[in-house]
Amino acid sequence: MSVQQFIQNPWSNWMKGQGPDADIVISTRIRIARNLRHQPFPLLATDSQAEEVVNQVAKVVRTESLGKEGPFELIMMDRLQPLEKRVLVEKHLISPNLAEESRKGAVLLSGDESISIMINEEDHIRIQVLLPGFQLTEAWDIGSRIDDIFEKHVNYAFDEKRGYLTSCPTNVGTGIRASVMLHLPALVMTQQINRILQAINQVGLVVRGLYGEGSEALGNLFQLSNQVTLGMSETDILSNLYSVAKQIIEQERVARRYLQENSALALEDRICRSYGILLHARTVESKEAAQRLSDVRLGIDLGIIQNVSPFTINELLVLTQPGFLQQHAGQKLTPEQRDERRARLIRERLRAKIA
Amino acid sequence: MNCEDCGKRPATLHLTKIVNGEKTEYHICEHCAQEKGHVFADFHNFSINNILSGLLNFDPLVKNSMSGLHNQTTAQKPMRCETCGLTYAQFSKSGRFGCSDCYRYFGDRLDPLFRRIHGNTQHIGKVPERTGGQLKIRRELEQLKTLLQQYVMTEEFEKAAEIRDRIRALEKKMEQA
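Residues numbered from 1 in each chain as written. Chains lettered and ligands numbered in written order. Predicted model: local features only at pLDDT ≥ 70, side-chain atom pairs only at ≥ 80, totals over all residues. Heavy atoms only, no water.

Caption draft 1: Highlighting the overall build of chain B. Along chain B, the regular secondary structure elements total ten helices and two strands. In chain B, the succession of α and β elements from N to C terminus is β-β-α-α-α-α-α-α-α-α-α-α. Taking all 177 residues of chain B together, the buried fraction comes to 33%. Looking at chain B alone, contacts between residues at least 24 apart form 34% of all its contacts between residues at least 6 apart. Taken as a whole, chain B presents about 11,800 Å² of accessible surface, with 51% of it coming from carbon and sulfur. (Helix = DSSP H or I, 4+ residues; strand = E, 2+ residues; numbered from the N terminus. Buried < 20%, exposed > 50% of the residue type's maximum accessible area, 1.4 Å probe, protein only. Contact = heavy atoms within 4.5 Å. Areas by Shrake-Rupley, 256 points an atom, 1.4 Å probe, with all protein chains shown as cover.)

Caption draft 2: Expanded view of the packing of helix α7 (residues 193–201) of chain A against helix α8 (residues 234–262) of chain A. Residues and elements named next belong to chain A. Two elements in contact, α7 and α8, have axes separated by 12 Å at closest approach and are oriented at 170°. Regarding the angle of α7 to α8, the classification is roughly antiparallel. On the side of α7, the interface is formed by Arg195, Ile196 and Ile200, while α8 contributes Val244, Ile248 and Gln251. Among the residues making up the contact of α7 with α8, the classes are represented as four nonpolar, one polar and one charged. (Axes fitted to C-alpha atoms, helices over the stretch in contact; angles between N-to-C directions. Parallel < 35°, antiparallel > 145°, perpendicular 65-115°, else oblique. Nonpolar A, V, L, I, M, F, W, Y, C, P; charged D, E, K, R; others polar.)

Caption draft 3: Geometry of helix α10 (residues 286–301) of chain A. Residue and element names in this part refer to chain A. Over its 16 residues, α10 extends 22 Å from the first C-alpha to the last, a length consistent with the 22 Å expected when each residue adds 1.5 Å. Turning to α10, its buried residues are Ala289, Ala290, Leu293, Ser294, Asp295, Val296, Arg297, Leu298, Gly299 and Ile300. Among the residues trailing α10, Gly303 stands out with phi positive, at a value near 80°. (Expected span 1.5 Å × (residues − 1).)

Caption draft 4: Here's a closer look at the packing of aromatic side chains. One pass over the full model with this rule turns up nine aromatic pairs over all chains. An angle of 5° between the planes, with centres 5.0 Å apart, marks the rings of Phe134 of chain A and Tyr242 of chain A as stacked. Of this pair, Phe134 of chain A sits in the loop between β5 (125–132) and α5 (136–153) while Tyr242 of chain A sits in helix α8, placing them 108 residues apart in sequence. For Tyr242 of chain A, a relative accessible area of 38% gives the class partly exposed. Ring geometry for Phe91 of chain B against Phe97 of chain B: centres 4.3 Å apart, planes inclined by 15°, an arrangement best described as stacked. (Phe/Tyr/Trp six-rings, centres within 6.5 Å; stacked < 30°, edge-to-face > 60°.)

Caption draft 5: Up close: the pairing of β5 of chain A. All names here are of chain A. Counting buried positions along β5 yields eight of eight residues, so the element is predominantly enclosed. Direction of pairing for strand β4 (residues 115–119) relative to β5: antiparallel, over a ladder of five bridges. When the sheet's bridge partners are listed, Ser116 is paired in β5 with Gln128. Connecting the antiparallel pair β4 and β5 is a turn made up of five residues, with Asn120 showing a positive phi of about 60°. (Pairing = 2+ DSSP bridges.)

Caption draft 6: Spatial organisation of the pairing of strand β10 (residues 221–226) of chain A. Residues and elements named next belong to chain A. Of all six residues in β10, six are buried; the element is thus mostly enclosed. Going residue by residue along β10, you find Leu221, Gln223 and Ser225 tucked away on one face and Phe222, Leu224 and Asn226 tucked away on the opposite face as well. Pairing of strand β8 (residues 176–183) with β10, which is carried by five bridges, proceeds in the antiparallel orientation. Each bridged residue has a counterpart across the sheet, and for Val180 the counterpart in β10 is Leu224. Bridge count for strand β9 (residues 205–208) against β10 is four bridges, and the pairing is antiparallel. Following the sheet pairing, Val207 is matched in β10 by Leu224.

Caption draft 7: Geometry of the environment of Ala281 of chain A. All names here are of chain A. As for its placement among the helices and strands, Ala281 is situated in the loop between α9 (264–280) and α10. Through-space distance from the C-alpha of Ala281 to that of Glu340 is 8.9 Å; in sequence the pair is 59 residues apart. Apart from residues no more than four positions distant in its own chain, Ala281 is found in contact with Ala343 and Arg347.

Caption draft 8: Focus on the confidence of the model for chain A. Taken as a whole, chain A shows an average pLDDT of 91; of its residues, 95% reach a score of 70 or greater. Looking across chain A, the model is least confident in helix α1 (residues 3–8) of chain A, with a mean pLDDT of 82, and most confident in α9 of chain A, with 97. (pLDDT = per-residue confidence, 0-100.)

Caption draft 9: The arrangement of the interface of chain A and chain B in detail. With 47 residues of chain A in contact, the opposing surface of chain B contributes 41 residues. Area buried by chain A at its contact with chain B is led by Glu160, Arg162 and Pro169 of chain A, which between them contribute 18% of it. Across the chain A-chain B interface, the total number found is seven salt bridges. Arg162 of chain A is the salt-bridge partner of Asp111 of chain B, the closest N and O atoms lying 2.7 Å from each other. Scanning the region where chain A abuts chain B turns up 21 residue pairs in polar contact (both at pLDDT 80 or more). Of all the elements in the fold, those that place two or more residues in the side of chain A that touches chain B are α5, β7 (163–164) and α13 (335–354) of chain A. (Buried area = accessible area lost by both parts, 1.4 Å probe. Salt bridge = Lys/Arg side-chain N within 4 Å of Asp/Glu carboxyl O. Polar contact = N/O pair within 3.5 Å; in protein donor to acceptor, adjacent residues only side chain to side chain.)

Caption draft 10: Representation of the nonpolar core within the structure. Ile94, Ile117, Phe150, Leu182, Leu224 and Ile248 of chain A are the most contacted members of the largest nonpolar core, which has 104 residues in total. It is α8 of chain A that contributes the most residues to this core, nine residues altogether. When neighbours within four sequence positions are excluded, Ile117 of chain A is seen to be in contact with Leu66, Phe72, Ala106, Val107, Leu108, Ile125, Arg126, Ile127, Ile146 and Phe150 of chain A. Listed in part, the 18 residues of the second largest apolar core include Leu86, Cys102, Tyr103 and Ile117 of chain B. (Core = buried A, V, L, I, M, F, W, Y, C linked by side-chain atoms within 4.5 Å.)

The structure is reproduced here in structure tokens:
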């Protein structure tokens, strides 16, 4: 796949809308931070040192078969337009940090976009595996295997006491950040979400918005991830996250049943209204789009809306982001122009499914 | 409602700022908000590294050396990573290391920080095959020795003998390395 295809094509493996517990878990992500020994971290590296890191990492991918996930495409950040980088961020293939702040940043992408290996982000190497549905162990197995292959060829910065050494003290030790993207409309509607979020903070996990640190939880989507990386094994981290996520999933299902049993009409009305608005609106802001799409997604999960697939919703979630809208239009757009295009795009996609 | 700043575009951002109990409301468009970056300066500059930096600056050792209250501390050379040149004071400002050797040069001084972030100071997870040195073998030895004791306790001597042989082989491997 060429660079342009990664940018033009809205489709990513994680959007499938399938996988275990896909009615609530949109996607699972594992990120593994690694650094090379005897190389300053990207923050302090000179341009030539940073370039050397890109060469070393890319060489491994060229010489070693990374299994069925390959081949990988190397994309240098300085070759991309700001809008193109933004699209990759909106597809969750690179971090905002790599797009905006890194010097000599690069990314290796697998064909189905489920694996991206960022180079010279905050750390030299960040292996990211992104799968649809709830697949923590599967994602870790793939990531760990790629990690092992790299380790055969490059010298990692590792210390017996501290584990894998990272640029930021919050990632040291295992260097892994595992997260699941949860759609929790019923817990929000029944106002139980704050109680749950408070409890989560007490067990070493953290909740963020759709686009990571500092972003808002739009459209009832919550990213749950581990906070602690030192003093816990990978298995402990994953099973802790797994069991907490599993409990939240169950709570959400209970809340959905409660709403269906106790306020079926109001729930159905809300879902169908949102669907109607998306089918007919001429202008829609991103915040409203996220909320309405959340309602429609719930409608699909509850069997109230039957002719739309979860894949369409996931795709629309990405397509209606500012970067994608502008990329699609081939020009910079004002917020009002974006609202109009967003409404048109949603109308077209949803109608295509009905016809 | 139109933007209070340009008066042309519709206001899409509605902000409330409270300074010393005085409330000011802004209704502006995205375009003007971006140009008037200062409105958001408070939010944008606040990241995980600011929080870390806050944690680090409360380190009594840093405070002492900064305020110069203790002659002994000020007389000493500032703690510095000899590989990349980053000083502990710089690290405490940015919340990021300059290279992997910083961990060694700042040494045990990092323990309180790690304890605050992770509740722990010792890695117990994955060990890289090649660059992990002998740690991987040592971990395996520890596990095997525990297992050996269990088999001896339960009088499963055949299994115990098997484990004993594996321990010997590993110990030999360590000596050779």
